[in-house]
Amino acid sequence: MSSSDRTYDAYDWSYDRYIRNDPDLVEYFNELDIKFKIAGRIYCIREKLRMTREELAEFSGLSPETIEDLEETDYDGDWEEAIDKVNRGFHQWFTNVVRPAARMKPEDYSIEVAGL
């Protein structure tokens, strides 16, 4: 048995023993799982777009601390509202930064030194 199998066995045992029969805990852990997946998506998309937390904060209207809290599932505010702002921030970044950069020609980002 691999350590991975033991980990899942321990998880299943713990879930069956302490959570399964408590509807409030089941709901809590389901919400936590959703937040964990959303947090991972925010981080992954931000990294793929090569954005900093500060840049996402600027484009979304949230603070860098809020972005950090969302990525670490520590956010205590309204997740739906925050996710809407994050989505708008990603859209604004793509529209204002990525798309214009993709349309640039080499002469647009080349430096010419006068007299050379």
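Remember, predicted model here, so these are calculated numbers, not experimental data. Think of each chain on its own: its residues are numbered from 1, step by step along the sequence as written. Note on the predicted model: pLDDT of at least 70 is required for a residue's local features to be given, and 80 or more for side-chain atom pairs to be given and counted; whole-chain, interface and lining totals, by contrast, use all residues. Only hydrogens and water are set aside when side-chain values are computed; all heavy atoms of the structure are taken into account.

**Observations regarding the confidence of the model for the protein chain**
Selection rule: Scored between 0 and 100, pLDDT is the confidence that the predictor attaches to each residue. Strands here are runs of E lasting at least two residues and helices are runs of H or I lasting at least four, both read from the DSSP assignment and numbered beginning at the N terminus.
A residue-level look at the protein chain finds 86% of positions with pLDDT of 70 or above and a mean pLDDT of 86. Mean pLDDT across the secondary structure elements of the protein chain bottoms out at helix H1 (residues 3–19), with 77, and peaks at helix H4 (residues 64–71), with 97.

**Structural notes on helix H3 (residues 53–60)**
Heads up, the condition is: Each residue is assigned to one of three classes by its accessible area relative to the maximum for its type, calculated with a 1.4 Å probe on protein chains only: buried under 20%, partly exposed between the two thresholds, exposed over 50%. Directions drawn from the helix axis to the C-beta atoms are what define this arc. We call two residues in contact when some of their heavy atoms are within 4.5 Å.
Where H3 is concerned, the buried positions are Leu56, Ala57 and Ser60. Seen along its axis, H3 keeps its buried residues to an arc of 100 degrees; they face one direction. Across from the buried face of H3, at angles greater than 90 degrees, the exposed residues are Glu54 and Glu58. The inward-facing, buried residues of H3 contact helix H2 (23–48), H4 and helix H5 (79–103). Residue Gly61 follows H3 closely and has a positive phi angle near 85 degrees.

**Description of the nonpolar core**
The line we're drawing: Only buried residues count toward a nonpolar core. Its members are Ala, Val, Leu, Ile, Met, Phe, Trp, Tyr and Cys residues joined through side-chain atoms within 4.5 Å.
Core analysis: the biggest nonpolar cluster contains 14 residues, and Ile42, Leu56, Ile67, Leu70, Val86 and Phe90 have the highest contact counts within it. At the level of elements, H3, H4 and H5 are the ones that each hand at least two residues to this core. The residues touching Leu70, leaving out its near neighbours within four places in the chain, are Ala39, Ile42, Leu62, Tyr75, Trp79, Ala82 and Val86.

**Overview of unusual backbone geometry**
With a phi close to 60 degrees, Arg50 is a non-glycine residue in the positive phi region. Residue position: Arg50 is located in the loop between H2 and H3. We note that Thr73 has phi near 55 degrees; this positive angle belongs to a residue other than glycine. Structurally, Thr73 can be placed in the loop between H4 and H5.

**Observations concerning a nonpolar patch on the surface**
Which entries qualify depends on this criterion: Patch members must show over 30% relative accessible area and no salt bridge, and they are joined within 9 Å when carrying like charges or within 5 Å when they are nonpolar side chains of Val, Leu, Ile, Met, Phe, Trp or Tyr. Note that accessible areas follow from Shrake-Rupley with a 1.4 Å probe, and for residues the cover is restricted to the protein chains shown. The term salt bridge refers to a pairing of a side-chain nitrogen on Lys or Arg with a carboxyl oxygen on Asp or Glu at a separation within 4 Å.
Taken together, Tyr28, Phe29 and Leu32 make up a surface patch of nonpolar side chains, about 270 Å² in accessible area. When you line up the elements, Leu32 lands in helix H2.

**Considering the pattern of salt bridges**
With the rule as written, the count across this model stands at seven salt bridges. Among the ionic pairs, Arg46 bridges to Glu47, the shortest N-O distance being 3.4 Å. According to the relative accessible area criterion, Glu47 is partly exposed, its value standing at 39%. Glu71 is the salt-bridge partner of Arg46, the closest N and O atoms lying 2.6 Å from each other. Taken together, the positions of Arg46 in helix H2 and Glu71 in helix H4 put the pair 25 residues apart, joining distant regions of the chain. The two residues Arg46 and Glu71 agree in class, both being buried.

**Concerning the packing of H3 against H5**
Counted only if it meets this: Helix axes are fitted only over the stretch in contact, all axes being lines through C-alpha atoms; the angle between N-to-C directions runs from 0 to 180 degrees. The labels follow the angle: roughly parallel below 35 degrees, roughly antiparallel above 145, roughly perpendicular from 65 to 115, and oblique for the rest. Gly is put with the polar residues, along with every residue not named as nonpolar or charged; the nonpolar set is Ala, Val, Leu, Ile, Met, Phe, Trp, Tyr, Cys and Pro, and the charged set is Asp, Glu, Lys and Arg.
For the pair H3 and H5, interaxial distance at closest approach is 7 Å and the crossing angle is 100 degrees. Our classification of the angle between H3 and H5 gives roughly perpendicular. Across from Glu55, Leu56, Phe59 and Ser60 in H3, the residues of H5 making contact are Lys85, Val86, Gly89, Phe90, Gln92, Trp93, Asn96 and Val97. Per-class residue counts for the contact of H3 with H5 are six nonpolar, four polar and two charged.

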